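Structural features, examined
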Amino acid sequence: MRRQIAPGAAEAAEPPEPAATAAPAAVERMRTEFTFELPRGYVDGAGQVHRTGVMRLATARDELVPLRDDRVRENPAYLSVVLLGRVVERIGSVTDVHAGVIEDMFASDLAFLQDFYRRINAEGHTRAQVTCPSCATGFAVDLAGGRLGES
């Protein structure tokens, strides 16, 4: 038995031609890596000082995996060391950043990285709105910017 298609039904059965679409909207890119400059700097085994680095946004896994680490179970204060070892991508020319590297940092640099981690992960940005105490002019500063005292 052959099927017959009623006149005009063939056109209705086919999907309509796609309409000309407008140019694709600009894709918004999420910033996932943030540069920083350590107050003192990491001194490697050869005595070279490394000050600039890159930290990436933390994932849920980054925050969960250290909780299973025996060092963290024995000493909960070690959590930030393991966590930073996972999210710091580079310090100067050192690309193999791990908990051992973070352990060897000066306390002021560790405190800086802990604060930097909190700012980029909890608040989502490193810019802050500030007001000049002298003239009351408001402006934004990048907290991840240069050295201490600079913006």
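Quick look at the structure, then. (Residues numbered from 1 in each chain as written. Predicted model: local features only at pLDDT ≥ 70, side-chain atom pairs only at ≥ 80, totals over all residues. Heavy atoms only, no water.)

1. Comments concerning the overall build of the protein chain
On a plain count of helices and strands, the protein chain comes out with six helices and five strands. Helices (α) and strands (β) of the protein chain occur, in sequence order from the N terminus, as α-β-β-α-α-α-β-α-α-β-β. Taking the intrachain contacts of the protein chain between residues at least 6 apart in sequence as the baseline, contacts between residues at least 24 apart amount to 49%. When the accessible surface of the protein chain is totalled, it reaches about 10700 Å², and 53% of it is carbon and sulfur. (Helix = DSSP H or I, 4+ residues; strand = E, 2+ residues; numbered from the N terminus. Contact = heavy atoms within 4.5 Å. Areas by Shrake-Rupley, 256 points an atom, 1.4 Å probe, with all protein chains shown as cover.)

2. Re a nonpolar patch on the surface
On the surface, a nonpolar cluster with roughly 230 Å² of combined accessible area is contributed by Val43, Val49 and Phe106. Topologically, valine 43 is positioned in strand 1 (residues 33-43). (Patch = residues over 30% accessible without salt bridge, like charges linked within 9 Å, V, L, I, M, F, W, Y side chains within 5 Å. Salt bridge = Lys/Arg side-chain N within 4 Å of Asp/Glu carboxyl O.)

3. A word on the state of the cysteines
By the definition in use, this model includes zero disulfides. The closest cysteine sulfur to the non-disulfide-bonded cysteine 132 is located on cysteine 135, 3.6 Å from its own sulfur. Given a relative accessible area of 21%, cysteine 132 falls into the partly exposed group. (Disulfide = S-S within 2.5 Å. Buried < 20%, exposed > 50% of the residue type's maximum accessible area, 1.4 Å probe, protein only.)

4. Points about the pattern of salt bridges
For the structure on display, the rule yields eight salt bridges. Of the charged contacts in the structure, one is a salt bridge between arginine 56 and glutamate 89, with a shortest N-O distance of 2.9 Å. Of this pair, arginine 56 sits in strand 2 (residues 49-56) while glutamate 89 sits in strand 3 (residues 88-91); the two residues are 33 residues apart in sequence, bridging distant segments of the chain. A relative accessible area of 32% places glutamate 89 in the partly exposed class. Note that arginine 118 and aspartate 115 form a salt bridge whose closest N and O atoms lie 2.5 Å from each other. Of this pair, arginine 118 and aspartate 115 both sit in helix 6 (residues 107-123), three residues apart, roughly one helical turn. Overall, the relative accessible area of 28% leaves aspartate 115 in the partly exposed class.

5. Looking at the packing of aromatic side chains
Throughout the structure, instances matching the rule amount to three aromatic pairs. With a centroid separation of 6.3 Å and 55° between ring planes, the pair formed by phenylalanine 36 and phenylalanine 112 is classed as tilted. Of this pair, phenylalanine 36 sits in strand 1 while phenylalanine 112 sits in helix 6, and the two are 76 residues apart along the sequence. Note on accessibility: phenylalanine 36 and phenylalanine 112 belong to one class, buried. Between phenylalanine 112 and phenylalanine 116, the aromatic rings sit 5.9 Å apart at their centres with planes inclined by 10°, giving stacked as the arrangement. One end of the pair, phenylalanine 112, and the other, phenylalanine 116, are both in helix 6, four residues apart, so they sit about a helical turn from each other. Take phenylalanine 112 and phenylalanine 116: they sit in the same class, and that class is buried. (Phe/Tyr/Trp six-rings, centres within 6.5 Å; stacked < 30°, edge-to-face > 60°.)

6. Overview of the sheet that holds strand 3
The strand order across the open sheet built from three strands is 1-2-3, with neighbouring strands paired in antiparallel fashion. Looking along the sheet, the strands with just one partner apiece sit at the ends: strand 1 and strand 3. The mean inter-strand angle of the sheet, taken between neighbouring strand axes irrespective of direction, is 25°. By the bridge criterion, seven bridges tie strand 1 to strand 2 in an arrangement that is antiparallel. The residue bridging threonine 35 from the neighbouring strand is valine 54, located in strand 2. Of the strands in this sheet, strand 2 and strand 3 touch helix 4 (residues 79-87), which is tilted by about 75° from strand 3. (Pairing = 2+ DSSP bridges. Axes fitted to C-alpha atoms, helices over the stretch in contact; angles between N-to-C directions.)

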